[in-house]
Structure formats: structure tokens, C-alpha cells
Amino acid sequence: MDWQPDEQGLQQVLQLLKDSQSPNTATQRIVQDKLKQLNQFPDFNNYLIFVLTRLKSEDEPTRSLSGLILKNNVKAHYQSFPPPVADFIKQECLNNIGDASSLIRATIGILITTIASKGELQMWPELLPQLCNLLNSEDYNTCEGAFGALQKICEDSSELLDSDALNRPLNIMIPKFLQFFKHCSPKIRSHAIACVNQFIMDRAQALMDNIDTFIEHLFALAVDDDPEVRKNVCRALVMLLEVRIDRLIPHMHSIIQYMLQRTQDHDENVALEACEFWLTLAEQPICKEVLASHLLQLIPILVNGMKYSEIDIILLKGDVEEDEAVPDSEQDIKPRFHKSRTVTLPHEAERPDGSEDAEDDDDDDALSDWNLRKCSAAALDVLANVFREELLPHLLPLLKGLLFHPEWVVKESGILVLGAIAEGCMQGMVPYLPELIPHLIQCLSDKKALVRSIACWTLSRYAHWVVSQPPDMHLKPLMTELLKRILDGNKRVQEAACSAFATLEEEACTELVPYLSYILDTLVFAFGKYQHKNLLILYDAIGTLADSVGHHLNQPEYIQKLMPPLIQKWNELKDEDKDLFPLLECLSSVATALQSGFLPYCEPVYQRCVTLVQKTLAQAMMYTQHPEQYEAPDKDFMIVALDLLSGLAEGLGGHVEQLVARSNIMTLLFQCMQDSMPEVRQSSFALLGDLTKACFIHVKPCIAEFMPILGTNLNPEFISVCNNATWAIGEICMQMGAEMQPYVQMVLNNLVEIINRPNTPKTLLENTGRLTSPSAIPAITIGRLGYVCPQEVAPMLQQFIRPWCTSLRNIRDNEEKDSAFRGICMMIGVNPGGVVQDFIFFCDAVASWVSPKDDLRDMFYKILHGFKDQVGEENWQQFSEQFPPLLKERLAAFYGV
């Protein structure tokens, strides 16, 4: 007997559905309470499905809403539905998937896939066979409804469908879907391709077995009239390029021709899918050989796609020139993520040439949705990196016409093109830059805000070159104009100028010192002018300035300009305000740069950081004990606070001692070092190292408790945590001296294991942008351990000497390197046999010193000559034959061997 609703109950449910469509918030609250009550009745869900599938007298929005409320119930507590209710719902879905209304079909499809994703695909064995059967229906609605549901299931459960758990239904489903590629209805053809597309990236076996049929069918649909079908064909080809390029290579010429047409499709969604093809192709090794002959056609198409569309301009309010007085809406402000402090060695290796990732490829945040303009610009950027100068013959003739075009939209796209190729074509562009840069600087005062903002971005991409020229040539005019743009009346221009200026600061470093007064006047003036979102970017520009000019900022007149507005903001913000993150990061850079100049401001800043750490730890504790009563804290507050404390310790040095003495920071640090979140531990160890250098007197009493924690964090899976812990151990060695002896065994084996790991990934350290080989930090700490406890460490010499030497040869002379090499020399004194087999590596590492201190040079001299005397003149000659010429020269010149 079929379930039937009670008339009164039905009216109640219908009234509820009507009320829930009311815009009134009070009504909405009543509806929510009512829903909670009704959910106590198990057959409430029967009413909901009944309205959706049977109550054809009601309007479609009400019926669909009934289904969506049911979907939410399924999501929240399907497990507790009584079996008869669950069965009734499943039956009704399958019986009505062919409803005459497309909205109702789609709602039933969503409901089916929600039930399926609650682990019910296994518990509902008849679902897939029945849906596949319904595809054969003569009735269009039934076929379309079933396909819609199948497409949603394929999207939600693609992995499960390709597993033994369900007996591999794809073996039947994929050939079935392929048959429908030729269906007369475009909607059905589109569903069929979309279903198969779900299985490309995971290389589902059933699809791989039918791959040639699939590709053939795709080619047959290439010129379909329906844009949705063309879009799915393009999407399929882009994915196949990644996973089955072998099957596409024989047809590559015609695929490229096809994609060139589709990238110009009059439907922007199709054009966007097609444009992805060039991005994906650029990552394939065969890109150069297959694409070279097509650049002539492709480049103009990409360049053309880089113009703003009319709809973009409307969305970006491209005609609004002045909006600086309009407050930001909160949802415009993207959440910021704080990067935890990473310890780096001073001046390890040279900076890589200012290559920023292509991620920041464009500055239309309001359109953060991916669009044809962004995709075309990204494609041009990656292709410039593949073809380098070979791209320019196709581009330069176009660029001239664009950059001087009377229409601003065209001119703007030309400036974007110039920025997109900056990284890949830099060498080839150099001859043109002396006339292009002044033209771009002129564009900074264009009357259209969107032209001014893109000019900021493109100029920042050439900042490296600008700084390499005499400052009066381009740096000074660029800086002067960018500072004016920072005070532009348009918010988008302010933002672009601030970001560009931060890039310029990183490139120019101390070149900016002569202009500091003028720069600070501008940045401080912007404080009073900026709305919320740009303030956050302004903090970053100030922090980067401090990082770039360092102690040159420590002048009374500069401090007088900069600190009052920063401290005013600091006082305005509440402890719960996420705007503290960028402000704390900024202050951390400023404190490090100002050094003793920061003293007058350090006390309130220090206290607040300690409070933030304490509050976060307390909240975490409450949450652990009563998760149902308390919310989990946002630990970023604690991480940022720990990093600012590190900045204070580094900047103030010994002056931080009284602050530490008057606070419970060591107790808090003990808890932070054991936090479950790696970023918290990472920042804790950085702070521990900085406090060890600044005021060891407060760290020393805790060493016995801290060392075992440091030892357990020498786990290279968390490379940044491991690096910071390693560095802190090294700093502790230098303070403890021989008293380090009881702790050597706790850490030594792990350090030796880390330094011997095969090519640890090169990490780009955030706070300096310098590449360092991570093994340099373990090497320095092993050297320092050996320096203070040579007897304990020397026996292991043979196990680490080779990687030790190779990881320190690329580091410039500095204090850390000095202490590490003294340690290695002392260990060789204790265990000379440990270095014999790898002596050439030691020679090479010694030769990497430019100017070692005299007593260190003596140590090197004794070891080199001792070895030479030991083996005898003739053997030494043979041995030194293996040296590269440069090494031979240096050792002869410096050490006379």
C-alpha cells in the first residue's frame, strides 16, 4: 500500500514552504524553528518528497524548494530515516525523474546524487541499472532527467564508480554513454560527454579501453551547433592532452587548428575552455615542436583575447574614475594567509632573478573568476617561457599598434601583453626597454583608471631591469610616478600602485635610501586616505620597505613620520580583528629594521603579542575540553604574534631581556612548541632561536625541558618546522658550550639522517626570497655541535662529511659558516680518518671561503698540509690531478698546496 499524506499535515507543510520564500528575516527565523519541530516526525520527509514528485497542482519553485529541504535533511541525517521512508523516497525519485519540468528533474537529480553520496551507492544496487535503462526511453524528459542524475553521480562519485566495490559498473556505463554522443538532442549529447569527461583525469580503465572510440566521437562533434557541446568537447581534449597525449599526437595538427578556431568562438565559455588548451600544451615537452609553425596564427588570437570585454568593464565600473571615498564591502576583502616565519641564513646563494610566479598575472580582483582575458594572458606568459625570444617576431609588430592605439581598451590590452611576456622574453625585450619604459611611465597618468592600474603592474614586471640602469635614467621617474599613483583617486589604481611599489622596493633595496623621506611622506599620507582593503596592502608596502632598506630606516626623522600612524592603527584594532595579521607582519619588519630605534614602542607591542598567544592557547584548551561549548580558535593570531616577537628579539637584541623577564613567554613557548599545528611549532622554534641569541639567560633554565621537544621535531616531512628546530639547536649550542654534552645524542642521529637525504627540495624562503638548500641549516648545526662537543660528534664524521661539505660550499662567508667550519676542523683533529675518503670535498668546501678569519685560515692550512705530508709528495700530486683547475688555483694561492 502506497504512503498517503494526511490533508491537514500537507497544508501545514505547504504553508511552511510558502513562508520560507518570504524575504522577511523574522518569518525566516520562525520557518527555521518550525523545520526543527517537523524534523522530529519521521514521515515529514515523506511529505516533502510527495510535494516534489506528486503535487503537480503546486507551482514549480515551491515543489523544487520542498526537494531542496529534503536534500538538506538527507545530508544531515539520512542514516536515521526509517527504512520505509528511505525506500519511499528512493522509489519516488526513480519514478519521477522524467517530470515534465526541467527544474523538477534537476531537483530530483540532486536528491538522487545526495542519497548516493551518503554511502548509498552500495546500498541502492538498482539505482545505476535503472538510470541506464531509462536512457533508452523514447520520452525525451525521462532520458534527459536520467542523464542529468547520472552526470551528477559521475561528478560526485567518479572514484567509487571505477572500483571493485560496485563491481565496476563503468564497463557498461562508458560504452553506453558513448552511444549517446550521436543523439539528436544537444542537451543529451552534452550530458553524455560531461559524464565521460569525469573519468579522464583518473584514467578509468573502462575509458582507457574505449579511448579511440571516445576520441573519434569527439572529433565527430567538433563543429556541433550547440555551444555547451562544443565546450565539453574542448574540455575533453584539454584533459586528454594531460593524460593521453600519445593518442592525440597523430592528430595534433588538426587539433591545434580546431582549437585556434574555438579560442575565437563567439560563445565566451567555449572560447575560455579552448584557451585552456594552450596553457596545458605549454607544460608538455612536445609543445615547442608542435606549436612553432602555428605561432603566427595563435599569438594574434591570444592578444585579441586579452582585451576587456564590455561586460568586464561594466563589472569593474571601468567608467568610474574616482571612488576612493566609497567604503569597501566586506566580502571584497579576501582572507589573508600569514606565512609562518622561516629561518634563513644570511645571504645564502644569490637571489633568483625576480621571477614571480605567473599567479599574480593580472589585477582584476573583482573578476577573480577566471575569464578569457586572464586565461589568454596566462597562456601568453607560459608560452613566452617556452619560446623565449622566438615569440617576439610575432608580437612586436602587433605591440606597436596596440600600445599607441587611440582606443583605451586596446591600449590597455597592449600594456597587459607587455607585462605577460616580461619574464619569458626579458632578454629579447632589453633593446626596446629604453623607449618602452618611459612610454609606460607616461601611461601611469592616463585618464582611464584601468590603463593606469595595468601600467603599474606591467612596470613592476620590468622592475629588475629598471634597477639595473643608472638611477636617474628610469628608477627615479618611475618611483616618482608610482608614488603619485599610490595617492590616486581610484581604489583599483591605489592597489596596483602599492603592489607594484612593493616589487620595486624588493628589487631596488638600498637604492631607495636617498628618497626615503619622500617615500615615507607618501605612504603615511595614504594611511589617512585608504579604505579598508587597500590599507592591508599598504601595510605590506611599508613592511617590504623596512626589509629592503634595513637599518637605514633608523633615523629619528623617519621614525617620527612612520611610527605614530602605525601605533594609532595598532591601538584602534581589537584583539579579535584579523586586520592585526598584516599590521603585525608589517611591525615585525619595521622592528627588525629600526633595531634600537623601536625601543620606545616595544613595550605595548610586546605585551599585546604575549596576550594574543595566551588567549589563543587558553581558547584552544577550552575547545579541547568542551568542543560542544567552545569554538576552535584561529591559531593564525598566535602564529603572527610569535613572529612579531621574533622580529622584536632580532631587532632589539639584548634590549628585549627586561621584557622577557617581566612576562611568562617561556612557559607559553613550551606549550606552543608542542602544538598540533605545524605552523605554530615552526614559529615557536624561530622565536626560541631568536631569544637564545638575544637573552639566553632566560632560555637556559628551560633547556632540559626544551631539548627533547626539539629532538622530536627533527622530522623532514615538515621541512620548515624541521629547519627552524635545527637552527634553534645550533644557536643553543653556541650559548651552552660544553654543557651541551648531555643532549648531543638526542639530536645527532636525526641531523645526520636529514643531511644525507637525497636532494632535499630547494625551498624558496619567504622572508628573503633567496633560494637556500635546506641541508645548509642541518650542516651548520652539526658543525656547531662538533664545535662545542667534538669528542661526541667526531666518531660519526665519515657518515656526514660529504653532504656537509657540498651543502656549505654555496654559502657566503658569515658567522654561522665560521662556527660550523671551526667545528669540522676540531672534529677532523679528533678523527682524521673520518675525512680521508672524502678529502677532495673538504678541499672544495675550504676553497669556497673568500676571506676566512686568520685563525680559521690557520686551521685549514694545518689540515691541508698535514694531509699532504701524510700521503707524501707523489701521492698528493696524483690526488690533486683530480681537482678542477679553479680549485687547484685557489688552494695553491691561499694555502700553498
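Residues numbered from 1 in each chain as written. Predicted model: local features only at pLDDT ≥ 70, side-chain atom pairs only at ≥ 80, totals over all residues. Heavy atoms only, no water.

## Remarks on the overall build of the protein
The following threshold applies: The helix count covers DSSP runs of H or I at least four residues long, the strand count covers runs of E at least two residues long, and both are numbered beginning at the N terminus. Per-residue accessibility, obtained with a 1.4 Å probe over protein chains only, is compared with the maximum for each type, and a residue is labelled buried under 20%, exposed over 50%, and partly exposed between these values. We call two residues in contact when some of their heavy atoms are within 4.5 Å. Accessible areas in this description were obtained via Shrake-Rupley with a 1.4 Å probe; residue shielding takes into account the shown protein chains only. For this count, His and the chain ends are skipped, Lys and Arg are scored as positive, and Asp and Glu as negative. One atom stands in for each charge, and that atom is NZ of Lys, CZ of Arg, CG of Asp or CD of Glu.
The helix and strand tally for the protein stands at 50 helices and two strands. Viewed in the frame of its principal axes, the protein has a C-alpha envelope of about 100 × 70 × 65 Å. Within the protein, the proportion of its 897 residues that are buried is 57%. Taking the intrachain contacts of the protein between residues at least 6 apart in sequence as the baseline, contacts between residues at least 24 apart amount to 75%. With an accessible surface of roughly 38900 Å², the protein has 52% of that area assigned to carbon and sulfur atoms. For the protein, the distance from the average site of its 75 positive side-chain charges to the average site of its 120 negative ones is 1 Å.

## A closer look at the packing of aromatic side chains
Operational definition: Only rings of Phe, Tyr and Trp enter the pairing, Trp through its six-membered ring, and a pair is recorded when the two centres are within 6.5 Å. The plane angle decides the type: under 30 degrees is stacked, over 60 is edge-to-face, the rest tilted. The rule for a charge over a ring is simple: NZ of Lys or CZ of Arg within 6 Å of the ring centre, and within 35 degrees of the ring normal.
The tally for this structure, following the rule as stated, stands at 25 aromatic pairs. Look at F147 and F180: their rings are 5.2 Å apart centre to centre, the planes differ by 90°, and that puts the pair in the edge-to-face class. Of this pair, F147 sits in helix 8 (residues 140-156) while F180 sits in the loop between helix 10 (170-179) and helix 11 (186-197), placing them 33 residues apart in sequence. Centre to centre, the rings of W804 and F821 are 4.9 Å apart; their planes meet at 65°, and the pair counts as edge-to-face. Of this pair, W804 sits in helix 45 (residues 797-808) while F821 sits in helix 46 (residues 815-830), and the two are 17 residues apart along the sequence. Classification of F821 as buried rests on a relative accessible area of 0%. Through a chain of ring-to-ring contacts, the aromatic side chains of W804, F821, W849, F860, F894 and Y895 assemble into a single cluster. One cation-aromatic arrangement involves R608 over W570; the distance from NZ or CZ to the ring centre is 4.9 Å. R681 extends its terminal NZ or CZ atom over the ring of F718, reaching a point 5.5 Å from the ring centre.

## Overview of the UniProt feature "domain: Importin N-terminal" (unreviewed entry) in the protein
Here is the rule: UniProt positions are given in the numbering used here, feature names are shortened, and annotations may be inferred rather than shown by experiment.
Within this numbering scheme, the UniProt entry marks residues 31-99 as carrying the feature "domain: Importin N-terminal" (unreviewed entry). What you have in residues 31-99 is 72% helix and 0% strand, and the ends, taken at the C-alpha atoms, are 28 Å apart.

## Focus on the packing of helix 30 (residues 516-527) against helix 31 (residues 532-549)
Note the following rule: Helix axes are fitted to C-alpha atoms over the stretch in contact, other axes to C-alpha atoms as well, and angles between N-to-C directions run from 0 to 180 degrees. When an angle is under 35 degrees it counts as roughly parallel; over 145 it counts as roughly antiparallel; between 65 and 115 it counts as roughly perpendicular; any other value is oblique. By convention, the crossing between two helices is left-handed when the near helix turns anticlockwise from the far helix through less than a right angle, and right-handed when the turn is clockwise. Only Asp, Glu, Lys and Arg are considered charged in this grouping, and only Ala, Val, Leu, Ile, Met, Phe, Trp, Tyr, Cys and Pro are considered nonpolar; every other residue, Gly among them, is considered polar.
Orientation of helix 30 relative to helix 31, taken along the N-to-C sense of each, is 160°, at an axis distance of 10 Å. Between helix 30 and helix 31, the angle is such that the two are roughly antiparallel. Where helix 30 crosses over helix 31, the handedness of that crossing is left-handed. Side by side, helix 30 and helix 31 meet where L516, I519, L520, L523, A526 and F527 of the first sit next to L535, L538, Y539, I542, L545 and V549 of the second. Tallied by class, the residues present in the contact of helix 30 with helix 31 amount to 12 nonpolar, no polar and no charged.

## Some remarks on the pattern of salt bridges
What counts is decided by this rule: Salt bridges are counted wherever a side-chain nitrogen of Lys or Arg sits within 4 Å of a carboxyl oxygen of Asp or Glu.
In the structure shown here, the tally under the stated rule is 43 salt bridges. Across the salt bridge formed by K187 and E144, the nearest N and O atoms sit 3.2 Å from each other. Placement of K187 in helix 11 and of E144 in helix 8 is noted, with a sequence separation of 43 residues between them. Of the residues examined, K187 reaches a relative accessible area of 42% and is grouped as partly exposed. R784 is paired through a salt bridge with E731; the nearest N and O atoms lie 3.2 Å apart. Taken together, the positions of R784 in helix 43 (residues 776-788) and E731 in helix 41 (residues 719-736) put the pair 53 residues apart, joining distant regions of the chain. With relative accessibility at 6%, the residue R784 sits in the buried group. Residues participating in the shared-partner salt-bridge network are R452, E481, K484, R485 and D488.

## Focus: helix 35 (residues 636-652)
The cut-off we apply is this: Helices are assigned an expected span. That span is 1.5 Å times one less than the residue count.
A rise of 1.5 Å per residue sets the reference length of helix 35, with its 17 residues, at 24 Å; its end C-alpha atoms lie 24 Å apart and thus fit the reference within 8%. With 16 of its 17 residues buried, helix 35 lies for the most part within the structure. Among the residues trailing helix 35, G653 stands out with phi positive, at a value near 55°.

## Topic: the nonpolar core
Put simply, the rule is: Buried Ala, Val, Leu, Ile, Met, Phe, Trp, Tyr and Cys residues that are joined via side-chain atoms within 4.5 Å together make up what is termed a nonpolar core.
F214, W278, F598, M740, F800 and W804 are the most contacted members of the largest nonpolar core, which totals 322 residues. Beyond its immediate chain neighbours, meaning those up to four positions away, W278 contacts I256, M259, L260, T263, L291, L298, L302 and A379.

## Thoughts on the side chain of N534
In plain terms, the rule: Any pair of N or O atoms that falls within 3.5 Å is considered a polar contact. Within protein, one atom must be able to donate a hydrogen and the other to accept it, and sequence-neighbouring residues count only if both atoms are side-chain atoms.
Secondary-structure assignment places N534 in helix 31. You can call N534 buried: its relative accessible area is 5%. Among the polar contacts made by the side chain of N534, one reaches the main-chain carbonyl oxygen of K491 at a distance of 2.9 Å. Ignoring anything within four residues of it in the chain, the contact list for N534 reads D328, K491, Q494 and E495.

## Re the environment of Q882
With respect to the helices, strands and loops of the structure, Q882 is situated in the loop between helix 49 (873-881) and helix 50 (885-895). Exposure remark for Q882: the relative accessible area of 52% places this residue in the exposed category.

## Observations concerning the side chain of R461
Along the chain, R461 falls in helix 26 (residues 449-461). For R461, a relative accessible area of 14% translates into the label buried.

## So, unusual backbone geometry
Not every positive phi belongs to a glycine, and R388 is a case in point at roughly 50°. In this fold, R388 is placed in the loop between helix 21 (372-387) and helix 22 (392-403). Not every positive phi belongs to a glycine, and C509 is a case in point at roughly 45°. With respect to the secondary-structure elements, C509 resides in the loop between helix 29 (491-508) and helix 30. The partly exposed category is assigned to C509, whose relative accessible area is 30%.

## Topic: helix 17 (residues 268-282)
End to end, helix 17 covers 22 Å across 15 residues, agreeing with the expected 21 Å (1.5 Å per residue, within 8%). In terms of burial, helix 17 is a largely internal element, 12 of the 15 residues being buried. Against helix 14 (227-243), helix 16 (252-262), helix 18 (287-291), helix 19 (295-305) and helix 21 lie the buried residues of helix 17. Its side-chain oxygen placed 2.8 Å from the backbone nitrogen of N269, D267 serves as the N-cap of helix 17.

## Quick word on the packing of helix 11 against helix 14
One way to put it is that helix 11 packs onto helix 14 with a least axis distance of 9 Å and a crossing angle of 15°. The pairing of helix 11 with helix 14 is recorded here as roughly parallel in orientation. Taken as a pair, helix 11 and helix 14 cross one another with a handedness that is left-handed. Along the contact surface, helix 11 presents P186, R189, S190, I193, A194 and N197, while helix 14 presents E228, V229, N232, V233, R235, A236 and M239. For the contact of helix 11 with helix 14, the per-class residue count stands at seven nonpolar, three polar and three charged.

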